[in-house]
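# Structure at a glance
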Amino acid sequence: MKLPLTTIASTVLTQPPLSFASTVRKLDRMVIDPACSPALVASILATDPMLSALVLSRANAAAPAGHPQISQISSAVIYLGTSMIQGLLSEILPITAHHREVLAAHWARANATGTMCQILARMCLRERLEHISLETIHLCGLLHDIGTMIAYVRFPDQTAAAAQLVANHDVTFALALRRCLGLGPGGIGALLTRSWSLPTIFTDVLRHHQRPQRCERHHDIVTLVHISRVLASACGFTTPEAPYVEPLEDDCLDRLSLRSQDLESAVRELFEDLDELDMYEGALGRASHDEAALTGGHPIIR
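Residues numbered from 1 in each chain as written. Predicted model: local features only at pLDDT ≥ 70, side-chain atom pairs only at ≥ 80, totals over all residues. Heavy atoms only, no water.

## A few points about the overall build of the protein chain
If you tally the helices and strands in the protein chain, you get 17 helices and two strands. Each of the 302 residues in the protein chain was classed as buried or not, and the buried ones make up 56%. Restricting to contacts in the protein chain with at least 6 residues of sequence separation, those with at least 24 account for 69%. Element-wise, carbon and sulfur atoms account for 53% of the exposed surface of the protein chain, whose accessible area totals about 13,200 Å². (Helix = DSSP H or I, 4+ residues; strand = E, 2+ residues; numbered from the N terminus. Buried < 20%, exposed > 50% of the residue type's maximum accessible area, 1.4 Å probe, protein only. Contact = heavy atoms within 4.5 Å. Areas by Shrake-Rupley, 256 points an atom, 1.4 Å probe, with all protein chains shown as cover.)

Shown next as structure tokens:
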């Protein structure tokens, strides 16, 4: 059943941050260890979409008026300090057993998409993205589908109905959720990014990554995320509600001066980088009933 936009908005805006309890415990130990550098803390945060969004949000909220928007986790950690990071960790709700498996798949695709964004950014004409750091480019891929993650937790009935619509009809999950809820994942994610005062680049990526031609600002990075998401799905990083690889939008490759052989090289490089993704329990892990056992192989399509 569709819900009024005001109801959806109020539900999204009151969504507390959530993550895997094992990740929060790991970070909690790290931030109190004097031998642990801020760079290492940032590297772990940058594997978790919700924690990354929260840290960026608080850093930008704490920045004085006129301060440039903070769009890098490393800068946010330095700006806030590890003691404040520790305080933020106390706000995190643990992902419940009911949602653990499906959200692990989303965390995995988010990491793969972020990594693919960096790979492709080094291959395309760099002047198109030269004003964006590789760290910010990675975060654009990592955060791109937060809207779907929130939908699973806050709108379970509509999400289940949308997933059934995808299984029975030739529609994308984004379109199916709009039909069942009244707002798609991009709209949900954009509501959150605006509420959390994240830089506009992330709002545009979340809203338009499936249809980059509709984006008026940040068109190139939105296009890059669109391509990276499709390639990550083709590499096996799919999710229960979107088990199929969606087609690329027309002219996306031309927009970034990428060739088909570039995509083949990017896929090979992604698999070479999987060891780095494995530092995060959910990236290559298969969720189990025991959260401490979030390990094992993610199904890969070679």
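Alright, that's what it looks like, and here's the rest.
## Things to note about the nonpolar core
Counting residues in hydrophobic clusters, the biggest one holds 95 residues, and the most contacted among them are L56, L120, I146, I188, I221 and L224. Ranked by residues supplied to this core, first place goes to helix 7 (residues 97-123) with 12 residues. Setting aside its immediate chain neighbours within four residues, I188 contacts V12, G147, I150, A151, F155, L177, L181 and L183. (Core = buried A, V, L, I, M, F, W, Y, C linked by side-chain atoms within 4.5 Å.)

## Structural notes on the environment of S260
By the secondary structure assignment, S260 is in helix 16 (residues 260-272). A relative accessible area of 48% means that S260 is categorised as partly exposed. Looking at S260, its side chain comes within polar contact range of the side chain of Q261, at 3.3 Å. (Polar contact = N/O pair within 3.5 Å; in protein donor to acceptor, adjacent residues only side chain to side chain.)

## Overview of the confidence of the model for the protein chain
Scored by pLDDT, the protein chain comes out at a mean of 87, with 89% of its residues at no less than 70. In this model, residues 279-302 is a region of pLDDT below 50 whose contacts with residues beyond four sequence positions or in other chains number 63 contacts. (pLDDT = per-residue confidence, 0-100.)

## Considering unusual backbone geometry
The phi angle at S197 is positive, at roughly 60 degrees, despite the residue not being glycine. Position of S197 relative to the elements: it lies in the loop between helix 12 (185-195) and helix 13 (200-208). Assessed through its relative accessible area of 42%, S197 is described here as partly exposed. One non-glycine residue, S257, lies in positive phi territory at about 55 degrees. Here S257 is to be found in the loop between helix 15 (252-255) and helix 16.

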